[in-house]
Protein chains: 4
Amino acid sequence: MQISKEQISNHNEQFFASHQNKLNFTFSEVENAEAIIQKIMQFSIAIPSWALGTGSTRFGRFPGGGEPRNLEEKIEDVGLLRALDKTSNAISLHIPWDTPTNPAEIKTLAAQHGLAFDAVNSNTFQDQADQKYSYKFGSLQNVNKAIRKQAVDHNIDVIKHGINLGSKSLTVWLSDGSCFPGQLNFKKAFENTLESLQEIYAALPDDWKLLVEYKAFEPNFYSMTIGDWGQSLLFANKLGKKAYTLVDLGHHLPNANIEQIVSLLMMEGKLGGFHFNDSKYGDDDLTVGSIKPYQLFLIFNELTQGIQANNPPFEKGSNFGWMIDASHNIKDPLEDLLQSVEAIQIAYAQSLLVDTIALENARENNDVAQAQEILQRAYRTDVRALVAEARLRTECALSPIQLFRNLKVRENLVNVRGSKTFATGL
Amino acid sequence: MQISKEQISNHNEQFFASHQNKLNFTFSEVENAEAIIQKIMQFSIAIPSWALGTGSTRFGRFPGGGEPRNLEEKIEDVGLLRALDKTSNAISLHIPWDTPTNPAEIKTLAAQHGLAFDAVNSNTFQDQADQKYSYKFGSLQNVNKAIRKQAVDHNIDVIKHGINLGSKSLTVWLSDGSCFPGQLNFKKAFENTLESLQEIYAALPDDWKLLVEYKAFEPNFYSMTIGDWGQSLLFANKLGKKAYTLVDLGHHLPNANIEQIVSLLMMEGKLGGFHFNDSKYGDDDLTVGSIKPYQLFLIFNELTQGIQANNPPFEKGSNFGWMIDASHNIKDPLEDLLQSVEAIQIAYAQSLLVDTIALENARENNDVAQAQEILQRAYRTDVRALVAEARLRTECALSPIQLFRNLKVRENLVNVRGSKTFATGL
Amino acid sequence: MQISKEQISNHNEQFFASHQNKLNFTFSEVENAEAIIQKIMQFSIAIPSWALGTGSTRFGRFPGGGEPRNLEEKIEDVGLLRALDKTSNAISLHIPWDTPTNPAEIKTLAAQHGLAFDAVNSNTFQDQADQKYSYKFGSLQNVNKAIRKQAVDHNIDVIKHGINLGSKSLTVWLSDGSCFPGQLNFKKAFENTLESLQEIYAALPDDWKLLVEYKAFEPNFYSMTIGDWGQSLLFANKLGKKAYTLVDLGHHLPNANIEQIVSLLMMEGKLGGFHFNDSKYGDDDLTVGSIKPYQLFLIFNELTQGIQANNPPFEKGSNFGWMIDASHNIKDPLEDLLQSVEAIQIAYAQSLLVDTIALENARENNDVAQAQEILQRAYRTDVRALVAEARLRTECALSPIQLFRNLKVRENLVNVRGSKTFATGL
Amino acid sequence: MQISKEQISNHNEQFFASHQNKLNFTFSEVENAEAIIQKIMQFSIAIPSWALGTGSTRFGRFPGGGEPRNLEEKIEDVGLLRALDKTSNAISLHIPWDTPTNPAEIKTLAAQHGLAFDAVNSNTFQDQADQKYSYKFGSLQNVNKAIRKQAVDHNIDVIKHGINLGSKSLTVWLSDGSCFPGQLNFKKAFENTLESLQEIYAALPDDWKLLVEYKAFEPNFYSMTIGDWGQSLLFANKLGKKAYTLVDLGHHLPNANIEQIVSLLMMEGKLGGFHFNDSKYGDDDLTVGSIKPYQLFLIFNELTQGIQANNPPFEKGSNFGWMIDASHNIKDPLEDLLQSVEAIQIAYAQSLLVDTIALENARENNDVAQAQEILQRAYRTDVRALVAEARLRTECALSPIQLFRNLKVRENLVNVRGSKTFATGL
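Residues numbered from 1 in each chain as written. Chains lettered and ligands numbered in written order. Predicted model: local features only at pLDDT ≥ 70, side-chain atom pairs only at ≥ 80, totals over all residues. Heavy atoms only, no water.

Going by the annotation in an unreviewed UniProt entry, the name recorded for chain A is Sugar isomerase, with Lacihabitans lacunae given as the source organism.

With respect to the overall build of chain A
Short version of the rule: Elements are defined by DSSP. Helices are runs of H or I of four residues or more, strands are runs of E of two residues or more, and each kind is numbered from the N terminus. Computation of the radius of gyration draws on C-alpha atoms, with the globule rule given as 2.2 Å multiplied by the number of residues to the power 0.38. For every residue, the accessible area obtained with a 1.4 Å probe (protein chains only) is divided by the maximum for its type, and the residue is called buried under 20%, exposed over 50%, and partly exposed between those limits. In this analysis, two residues are considered to be in contact whenever any of their non-hydrogen atoms come within 4.5 Å of each other. Note that His is not counted, nor are the chain ends; the positive residues are Lys and Arg, and the negative ones are Asp and Glu. Every charge is mapped to an atom, namely NZ of Lys, CZ of Arg, CG of Asp or CD of Glu.
When you go through chain A residue by residue, the secondary structure sums to 15 helices and 13 strands. In terms of C-alpha radius of gyration, chain A reaches 22 Å, essentially the compact-globule figure of 22 Å for 426 residues. Seen through its C-alpha atoms, chain A measures out along the principal axes to roughly 65 × 60 × 40 Å. Each of the 426 residues in chain A was classed as buried or not, and the buried ones make up 71%. In chain A, the proportion of contacts linking residues at least 24 apart, taken out of those at least 6 apart, comes to 80%. Here chain A carries 40 positive and 50 negative side-chain charges, and the mean point of each set is 4 Å from the other.

Description of the relation of the copies chain B and chain C
Convention followed: The atoms used to superpose the copies are C-alpha atoms, taken from residues with pLDDT of at least 70 in both, and the fit is least squares.
The operation relating chain B to chain C is a screw motion whose rotation component is 180°, with 0.0 Å of axial translation and a residual RMSD of 0.0 Å. In short, the pair behaves as if placed about a two-fold rotation axis. In terms of proximity to the rotation axis, the leading residue of chain B is G230 of chain B, whose C-alpha is 2.1 Å off the axis. In this assembly the copies share their binding face: 100% of the residues contributing to the interface of chain B also contribute to that of chain C.

A short note on the pattern of salt bridges
As a reminder, the rule being used: In what follows, salt bridge is the name for a side-chain nitrogen of Lys or Arg lying within 4 Å of a carboxyl oxygen of Asp or Glu.
For the structure shown, the criterion picks out 124 salt bridges over all chains. Between R148 of chain B and E195 of chain B there is a salt bridge; the shortest N-O distance is 3.5 Å. With a gap of 47 residues between them, R148 of chain B in helix α5 (residues 145-165) and E195 of chain B in helix α6 (residues 186-202) connect regions that are remote in the sequence. Note on R148 of chain B: relative accessible area 7%, which makes it buried. The partly exposed category is assigned to E195 of chain B, whose relative accessible area is 28%. With its nearest N and O atoms 3.1 Å apart, the salt bridge here joins K145 of chain C to E195 of chain C. Taken as a pair, K145 of chain C in helix α5 (residues 145-165) and E195 of chain C in helix α6 (residues 186-202) lie far apart in primary sequence, 50 residues in all. Here the residues in one salt-bridge network are R58 of chain A together with K215, E218, D283 and D285 of chain C, joined through shared partners.

Description of the interface of chain B and chain C
Rules: Two parts lose some accessible area (1.4 Å probe) when they are put together, and adding that loss for both gives the buried area.
At the interface, 49 residues of chain B touch 49 residues of chain C. In total, about 4,200 Å² of surface goes out of reach between chain B and chain C, with carbon and sulfur atoms giving 61% of it. Counting every contact that joins chain B to chain C gives 6 salt bridges. Residue K188 of chain C pairs with E360 of chain B through a salt bridge whose shortest N-O separation is 3.0 Å.

Quick notes on the packing of helix α6 (residues 186-202) of chain D against helix α7 (residues 229-239) of chain D
All names here are of chain D. Rules: Lines fitted to C-alpha atoms define the axes here, with helix axes fitted over just the stretch in contact, and angles between the N-to-C directions of these axes take values from 0 to 180 degrees. Any angle between 65 and 115 degrees counts as roughly perpendicular, while under 35 counts as roughly parallel, over 145 as roughly antiparallel, and the rest as oblique. Take the far helix as the reference: if the near one is turned anticlockwise from it by less than a right angle, the crossing is left-handed, and if turned clockwise, right-handed. Residues are grouped as follows: Ala, Val, Leu, Ile, Met, Phe, Trp, Tyr, Cys and Pro are nonpolar; Asp, Glu, Lys and Arg are charged; all remaining types, including Gly, are polar.
Two numbers describe how α6 lies on α7: the axes approach to 10 Å, and their chain directions differ by 45°. Relative to α7, α6 is oriented oblique. Taken as a pair, α6 and α7 cross one another with a handedness that is right-handed. Packed against α6, whose contacting residues are F190, T193, L194, L197, Q198 and Y201, the element α7 presents L234, F235, K238 and L239 at the interface. In the contact of α6 with α7, the residues fall into 7 nonpolar, 2 polar and 1 charged.

Brief notes about the relation of the copies chain D and chain C
When chain D is fitted to chain C, the residual RMSD is 0.0 Å, and the transformation amounts to a turn of 180° plus an axial shift of 0.0 Å. A shared interface surface links the copies, since 100% of the contact residues of chain D are contact residues in chain C too.

Here we look at the packing of aromatic side chains
As a reminder of what qualifies: Stacked, edge-to-face and tilted labels apply to pairs of Phe, Tyr and Trp rings (six-membered ring for Trp) whose centres lie within 6.5 Å, assigned for plane angles under 30 degrees, over 60, and everything in between, in that order. Two limits define a charge over a ring: the Lys NZ or Arg CZ must be within 6 Å of the ring centre, and within 35 degrees of the ring normal.
For the structure shown, the criterion picks out 72 aromatic pairs over all chains. Judged by centre distance (4.5 Å) and plane angle (5°), the rings of F217 of chain A and Y281 of chain C are stacked. One end of the pair, F217 of chain A, is in the loop between β9 (209-213) and β10 (223-224); the other, Y281 of chain C, is in the loop between β12 (271-276) and α9 (293-306), on a second chain. Like F217 of chain A, the residue Y281 of chain C is buried in the burial classification. Taken together through their ring pairs, the aromatic side chains of F43, F274, F276, F300, W322 and Y348 of chain A make up a single cluster. Here the guanidinium or amino end of K270 of chain D rests over the ring plane of Y244 of chain D, the centre of that ring lying 5.3 Å away.

Topic: the environment of Q128 of chain B
Residues and elements named next belong to chain B. When you line up the elements, Q128 lands in the loop between β6 (120-121) and α5. When its relative accessible area of 25% is taken as the criterion, Q128 is described as partly exposed. Considering only alpha carbons, one finds Q128 and A362, 234 residues apart in sequence, at a separation of 55 Å. Excluding residues that lie within four positions of it along the chain, Q128 makes contacts with P96 and N123.

Examining the pairing of strand β11 (residues 243-248) of chain A
Along any regular strand, the residues point their side chains to alternate faces of the sheet. Residue and element names in this part refer to chain A. This is how it is decided: Strands are labelled as partners when DSSP assigns at least two bridges between them.
Here β11 lies mainly inside the structure; 6 of its 6 residues are buried. The side-chain alternation of β11 yields two buried faces, one formed by A243, T245 and V247 and the other by Y244, L246 and D248. In this sheet, β11 lies alongside β9 in parallel orientation, the contact comprising 4 bridges. Note on β11: the bridge partner recorded for E213 is L246. Looking at chain direction, β11 and strand β12 (residues 271-276) are connected through 4 bridges and run parallel.

Topic: α5 of chain C
Inclusion rule: Multiply 1.5 Å by the residue count of a helix minus one, and that product is the helix's expected span.
End to end, α5 of chain C covers 30 Å across 21 residues, agreeing with the expected 30 Å (1.5 Å per residue, within 8%). In the stretch just after α5 of chain C, G166 of chain C is the one whose phi turns positive, near 95°.

Points about the interface of chain D and chain C
For interface size, the figure often reported is the accessible area lost on association. Rules: Think of a polar contact as two N or O atoms within 3.5 Å of one another; within protein, one of them needs to be a possible hydrogen donor and the other a possible acceptor, and neighboring residues in sequence only count if both atoms come from side chains.
Contact with chain D, which involves 39 residues of that partner, is made by 39 residues of chain C. Carbon and sulfur atoms supply 47% of the area buried between chain D and chain C, which totals about 3,400 Å² over both sides. Considering only the surface of chain D that becomes buried against chain C, F25, N255 and R380 of chain D emerge as the three largest contributors, covering 19% of it. Counting every contact that joins chain D to chain C gives 4 salt bridges. One salt bridge in this structure joins K22 of chain D and E29 of chain C, with 3.7 Å as the shortest N-O distance. Counting the contacts that link chain D with chain C gives 19 residue pairs in polar contact (both at pLDDT 80 or more). Looking at the side of chain D that touches chain C, the element that brings in the most residues is helix α12 (residues 368-380) of chain D, giving 9 residues. Of the residues contributing to the side of chain D that touches chain C, the split by class is 14 nonpolar, 12 polar and 13 charged.

Remarks on helix α1 (residues 5-29) of chain A
Using the following cut-off: To get the bend at any residue, fit one axis to the seven residues that end at it and another to the seven that begin at it, then take the angle between the two axes.
Taking 1.5 Å per residue, 25 residues should reach 36 Å; α1 of chain A reaches only 31 Å between its end C-alpha atoms and comes up short. F15 of chain A marks the point of greatest bend in α1 of chain A, at about 55°. Of the surrounding elements, those touching the buried residues of α1 of chain A are α2 (33-42), α3 (71-85), α13 (384-393) and α14 (400-406) of chain A together with α1 (5-29) of chain B.

Side note on the side chain of Q183 of chain C
In this structure, Q183 of chain C sits in the loop between β8 (177-178) and α6. Residues in contact with Q183 of chain C, not counting those within four places in the same chain, are I330 of chain A, R363, V368 and A371 of chain B together with F137, G177 and S178 of chain C.

Section: the packing of helix α5 (residues 145-165) of chain D against α6 of chain D
Residue and element names in this part refer to chain D. Following both chains from N to C, one finds α5 and α6 inclined at 35°, their axes separated by 9 Å at the closest point. Handedness of the α5/α6 crossing: right-handed. Judged by residue contacts, K145, R148, V152, N155, I156 and I159 of α5 engage N192, E195, S196, E199 and I200 from α6. The residue inventory of the contact of α5 with α6, partitioned by class, reads 4 nonpolar, 3 polar and 4 charged.

As for unusual backbone geometry
Note the cis peptide between I95 of chain B and P96 of chain B, where omega equals 15°. Within the secondary structure, P96 of chain B is located in the loop between β4 (88-92) and α4 (103-112). For the bond from E218 of chain B to P219 of chain B, the omega torsion is 10°, close enough to zero to count as cis. Mapping P219 of chain B onto the fold places it in the loop between β9 (209-213) and β10 (223-224). Even without being glycine, E395 of chain C reaches a positive phi, approximately 60°. Residue position: E395 of chain C is located in the loop between α13 (384-393) and α14 (400-406). One non-glycine residue, K86 of chain D, lies in the positive phi region at around 50°. Tracing the chain through its elements places K86 of chain D in the loop between α3 (71-85) and β4 (88-92).

Encoded structure:
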């Protein structure tokens, strides 16, 4: 299914007057409104291939129907998103869930939808049917050299798939760790993991990045071998300049100050990527901005401030690295992604509203109340019209979810694909 | 020091055009704008007497100057707040920090400032110089009947002070608990506490409320004898219909869903009061809305929904029970309170924006994405003009903090009171 | 496979001298050693049918081989445990995972293994193939009366299965709750759940218990409709005297004081059951005593103290209610259960060692250091010889895991059942 | 007051037979019993000067009487501890709380008690009366260069005091951070702190260590500028080889795996020191081993394993760096320290019991259940007789707390010093 420009313009017509009223007001209030619209128009985010189906918890899965049955249909789904927002401009594949058997065709198909290929993701946290060794006790950390080699080889294979598609980075997320005290020699686990990562790094093209993701817990419940930003940074520094840390919002201990971590990683030149989602208790993988939207704004504020001196890391044409990583257990996955994208756009726009000169000035004067006023002034401003205008100018929907529902997109997908489909993923 | 109507109207004049532009737009967008303004105008919150000086942590205190040196100056300070926002309409006293030696005069003074007396607060978590027994091992829970009696008598004494001033409720917050496993027989501690509370309850006038506050930890670090809403509700139910649970936002274990607790307590008819603040790690006592403004909105959403069937519990003329309980370690206490009040007003206004019929409809249809859209539509709306208009109509400042600074209120207070004053409190 | 008495006595022979040396010393040190042995011999715990296979996380499952393929083999597995420890004397079934098609035969089989049937467990957190309505948006809380009825009917059906087998209690654990703010009307969700529970309660035989389990989060990640002990107790009180609260160690917010909850529930006469496991981060379902053994001891200390005035709730012949609820992702499930049982026995024995008179005396004198000394004196005492002696006297193994390995039990099970079996469960 | 050898030997006599019985049994069970006793005899730990008085929370302080009124009396107190356990062999001073006005005399006094001087501690988290600038908004991070210089100069001054007394390390714990979003430019705060630390480092003698302590939160409640081990290690690495990370058990986010952090820091050669205490919720500063004794054992297990390849860092004659950092709000401070020392000795002894060869073997075979068995076998062994024997052989008390009480040490101190004394500290 594809959404036509006519469908979009018909939809936009009915909201146009109302939108224009809001936009005019916003322009009268926000000095850099036009600049913000331009930034939003340039903004791009990757959609992971595994976010297009219904997610599950260990207690079960409640499928929703019309899920993509293969990589082609996943690309089609992201194409639908892109048609609605022009921000979901890339797809991030997961091997082996999305192994492209004919990369040239896949690449052409993606191009038809205007999509690039973001980071490729390896999987050594599950066993595959045809696999010689099990990852039950870890992969890159494994005490068994042969198992480590199998995992390294898989990662090298993933890089090759990525090269074929035009990806420029490999994300390594390891579930490696231990469930019980005593199970692991922490030092050896670290050293084995480092050795394995070095072998993968050696196979990385020069213009690629290796993104080392960390996670505090789950699925291992006593220790994780890459458990926090400090450990990830240790690995990245020991690996070399192509290695970076990847931050996933849900992968922290309770109450961690993620925006400070972001700032320090940028200071060290080692922030390589971001997985956006939201959570209340653990790695809940909820819709971006659904639980702690102010935290999201504060993180974007650090990003926006941090990139002023560097090349902008999250605009179109860059090496991407910015992805939504949520799991849609009870919402329509595409609607959930549309909500996530909008939450990110809003946080980004608000961060662009911050009067950074006044903020630095308040900081220099230890004017704490004023610093808070400056941030909250930006955060409390309604920027939805700016975000909508960016969509309008890129021939997208003023109200993506509403159009999605009006066009009965999901019903169409169910008709074509069936109601009992199953997308690969968690 | 007092702020004159002329000073306020001069201030408002310069912002008037800009305000009117925002207000007009908001009226064009928000159907019930006028009703929201009316609600905000009726809204009242109490300021605790101990929030007017610089707070401390166990590591130290950094005083700020111009702090109120006695109860009269505390009333003066709340009077300043009220002049700026007409929402800080009551003061909540803490005995013995604010024992009124001449209640009639104090009452007259408060009335001159337009202030009522909200809940009175007892203190059995510190030892006073003239006290016979120590509360080192608890007060109402103490294994020693004589110590319990001393604490009960103190509470009865606090009630008497409250009667003299026109208060209608007593808030009991106990630090009682234990620091080490084994220290306490939990059952006996509960039973002793219950017996003590029953004696206090017996001395309560018929038209008073007993507000039983709970806290998860600190200053006791192994157990708290009234540690969560479940325990508080047990006490309230065993005491009788004048006893209620009081919720302080900072008094929960990490990640607790406070809005659900609020909803259940309202369902049981036992939500008696609220202490507003914000926090990231524990009972941080930060400015309301400074860390998790969306959570604040969600809580107000439950309150607003819950009070539709009952008498509104937090409007002027009611029995108050709504208080800011923050500690201002590094901000000017009055500026901090102005920020807190505005954060509460904004959250309240946003909750009034929620389309409750559409929300219930979405819930009936398990339309989770739509339910989120409805809440976030309200939350993302900029309601600051409505809040400002409520101030304007009540002869208050369009921009309270700016006026506070322009009038050099703090400098004035320092001139009068000195820079090394010390307000009683933590 | 069955373990013969001869195999056990051969095994015990080699350890006997060493054991006797330890036992003699323990008797010389522990005054009530004989009484403790008796208590351990009377102690019984239930094994849940779903703990006999490899558990999984949402990231995958690493099967171990030789898993029971049906209810008969599950009973066989618990029979093996019982042969080794005479403490795993009951099995707790989960419907529909273990629906007994021929209850009479199942009952006979269990009796042959010396096993009783503990609480039966319903499942409304997953959809079954033949089910009319989905529980995607909850079961007993559902906005749809027909879905609630389906869930109620299932629970009544589970009671019937239980009656056939001789169970005396139904455990209701609900995953009901919400993943996103706005999704649920908390009050209606509570009321619907209450109504549903009342219908189940009405179908409960007079000599049965209804155990209402609570959980703080997962699989719902914003709210749980029975989320903490306060909510569970509200339900239990509204239901009536056959309803009790069930405590699962892993179902709390971080840092919760579970031993205090246990004490208060016993005070209220509403502690109905216990699910033992251990955890570091969330509901990790790790081996009992593997992370926080001192907490386990403190909980048992409350239990032991609490039951002195009542009938002992966890000894043989009682209504059981004490169960291990762990998930064995990376250990052999039977070895894990042997470790869990021993950890529980040790904690129980240590709690029986506490000098309760001296402890109460220290408490009456606020002698906090002494109270700690008394608890830690018991906890630091090595009671393994007493636990082993209880096994010896009941014709069980001095060293169960060692015997399990020496007899190559798992290898035997793999030979019979195959290495690719799959036990129903999570 | 001093405890005589005769008092000790009289005390020991009455317990001797019972002790000998336990010791004999332990020798019969524990192969390396004699080696463990030797290790315990060589073990040394520092007592911080601020732990000798009653601690406080922000809610108040309940003094206990007989507290040391000056540095001389603090040394006397640690001398008492050392007389009882020969493990509390050093004192760690805090400037300005314990500024030695006559270092030569202080040194002599300490030597008379057999005490060395461990790390000296600076204080830039409080303002002193004679101080030019306030640390309200931070010290080493401050935006004001003059304030940073004042803090740097203070640290250099502390080093000088330390040199006079024979200390070999400086511990820098900063409360620097922020309470509100926006307050701090994280990058600048880091860079300012680094610059300040570099200036301090430059003043450090060649044979000294700079110990960089981290803390997750409190007294700053939004961010801490040295907030976790990753940040501390960044600083230590940028500073040079005399700089190390110091771990305080209570300074972590909930559920952090501290033993893994310890292992990684040892791997990096950057573990410089340890502050022992225990906690349930935050930085509760409770008696060591009173809440999570198994965690303490696991940490010691990493230390014991980690130091096999290096020089033992925590034995007598080494550069110390091992300290108890607890706060004794409701226990007698000296009794609390005796309990803490014993808990540490027990954990250390148990770690020496671990069969490391078998453990590594189990790890190489992914025998998780066996690895747990090996650790818990050590942990469940009662090693108190070995610890007591180490005391006996060093002419100390078999039962320190009992002797402390029998000799009425506290009553004696109250008689000499009075019941309303106040020791400097928190």
